[in-house]
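Below are the chains, spelled out letter by letter.
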Amino acid sequence: MGLPGLIDVHTHFMPERVLEKVWAYFDAAGPLTGRPWPIAYREEEGQRLARLREFGVRAFTAMLYPHKPGMAAWLNSWSADFAARTPDCLHTATFYPEPGVEEYVRAALAQGARVFKAHLQVGAYDPADPLLDGTWGLLAATGTPVVTHCGSGPTPGKHTGPGPIGAVLARHPGLRLIVAHLGLPEYRDFLDLAERHPYVHLDTTMAFTAFTERQAPFPPDQLPRLLDLQDRILLGTDFPNIPYPYAEALRSLAGLGLGDDWLRAVCHDNAARLFDIS
Ligand SMILES: [Zn+2]
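Read on for a plain summary of the structure. Computed from a predicted structure; not experimentally measured.

**Here we look at the overall build of the protein**
Within the protein one finds 12 helices and 9 strands. Considering only C-alpha atoms, the protein reaches an extent of 45 × 40 × 40 Å along its principal axes. Here the protein, with 278 residues, has 59% of them falling under the buried criterion. Put simply, of all contacts in the protein between residues at least 6 apart along the chain, 77% involve residues at least 24 apart. Just so you have it, the protein exposes about 11100 Å², and 54% of that area is on carbon and sulfur atoms. When the 24 positive and 31 negative side-chain charges of the protein are each reduced to one mean point, those points stand 2 Å apart.

Okay, here's the thing in structure tokens:
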């Protein structure tokens, strides 16, 4: 398609023992997933990096997230080191509603963090928690994208859905929110949110694949809206924690029939613009 490669805004790299816990969670097919979820790329870090490069991914992220207080600053120090030794990784950081959050987010930005991850389902916190107000303000003021798992898939959380994150956007309309997984299963509501807020983006992580379509099918009547929002949809995959081959994500996007311009924008150009990758 004439692209120099792919940019995948939603890939997971974490400290080894955290990743092992994540994998154990998927193995248990517990309350989060409700069905078997065999991880396709359960490999060592170096092999996983080599895979992404083989796939033609020229830039990616290291999504990581805390499930309790006192963990985010440690994750951020790991990911700063990871970014320093992985030049094609966009330096990623995270946060949690806790005292001192604004200070360690400011420190991560000063260290070069270019994207943040917030996981409202695993973190089980209200994004509109007053403890986070300064943090959202800082991320909005610096134009730093925040990939946020705010949809209610695969199972709802107390603070998932368009309401809680919508309250954050009402207070911080300049926030560059990236709605993970296209907001599944609340596709319509999150497309509405993106239409109302010009800085809101959506990532395609796991959407449209056969695996996801079985549980949370994308409504066909919403497809034209993906074209209207062409400039704000970004390729994401959840690599390596996916129960199918990486190419399945790409095939699923191509299978939507939205055209080559759309695919070029989604798979590369939009993220290149957002992250200033030339
Ligand atoms: Zn993810």
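Moving on from the coordinates now.
**A word on the pairing of strand β6 (residues 146-149)**
The side chains of a regular strand alternate between both faces of the sheet. Side chains Val146 and Thr148 of β6 all project onto a buried face; the interleaved residues Val147 and His149 project onto the opposite face, where all are buried too. Examined bridge by bridge, strand β5 (residues 115-119) and β6 share 4 bridges and lie parallel to one another. Residue pairing for β6: Phe116 is matched across the bridge by Val146. Sheet analysis places β6 next to strand β7 (residues 177-179), joined by 3 bridges and oriented parallel. Its bridge partner being in β7, Thr148 is matched across the sheet by Val179.

**Considering unusual backbone geometry**
Looking along the chain, the bond that leaves Gly153 and enters Pro154 is cis, with omega of -5 degrees. Note that Pro154 resides in the loop between β6 and α7 (162-171). Following Leu184, the chain continues into Pro185 via a peptide bond in cis, with omega recorded as 5 degrees. Structurally, the position occupied by Pro185 is in the loop between β7 and α8 (187-196). Of note in this structure, Ala124 is not a glycine but carries a positive phi near 55 degrees. With respect to the helices and strands, the residue Ala124 is situated in the loop between α5 (120-123) and α6 (133-141). By relative accessible area, Ala124 is classed as exposed at 53%. Not every positive phi belongs to a glycine, and Asp238 is a case in point at roughly 75 degrees. Along the chain, Asp238 falls in the loop between β9 (233-234) and α11 (246-254). Owing to a relative accessible area of 8%, Asp238 belongs among the buried residues under this scheme.

**Regarding the sheet that holds β9**
Strand order across the open sheet formed by 6 strands is β4-β5-β6-β7-β8-β9, with parallel pairing between neighbours. Sheet topology places β4 (92-94) and β9 at the edges, where each strand pairs with a single neighbour. Of the strand pairs in this sheet, β7 and strand β8 (residues 201-203) are connected by 2 bridges, and their pairing is parallel. By the bridge assignment for β8, Ile178 is matched with His201.

Calculation rules
- Residues numbered from 1 in each chain as written.
- Predicted model: local features only at pLDDT ≥ 70, side-chain atom pairs only at ≥ 80, totals over all residues.
- Heavy atoms only, no water.
- Helix = DSSP H or I, 4+ residues; strand = E, 2+ residues; numbered from the N terminus.
- Buried < 20%, exposed > 50% of the residue type's maximum accessible area, 1.4 Å probe, protein only.
- Contact = heavy atoms within 4.5 Å.
- Areas by Shrake-Rupley, 256 points an atom, 1.4 Å probe, with all protein chains shown as cover.
- Lys, Arg positive; Asp, Glu negative; His and termini not counted.
- Charge placed at Lys NZ, Arg CZ, Asp CG, Glu CD.
- Pairing = 2+ DSSP bridges.

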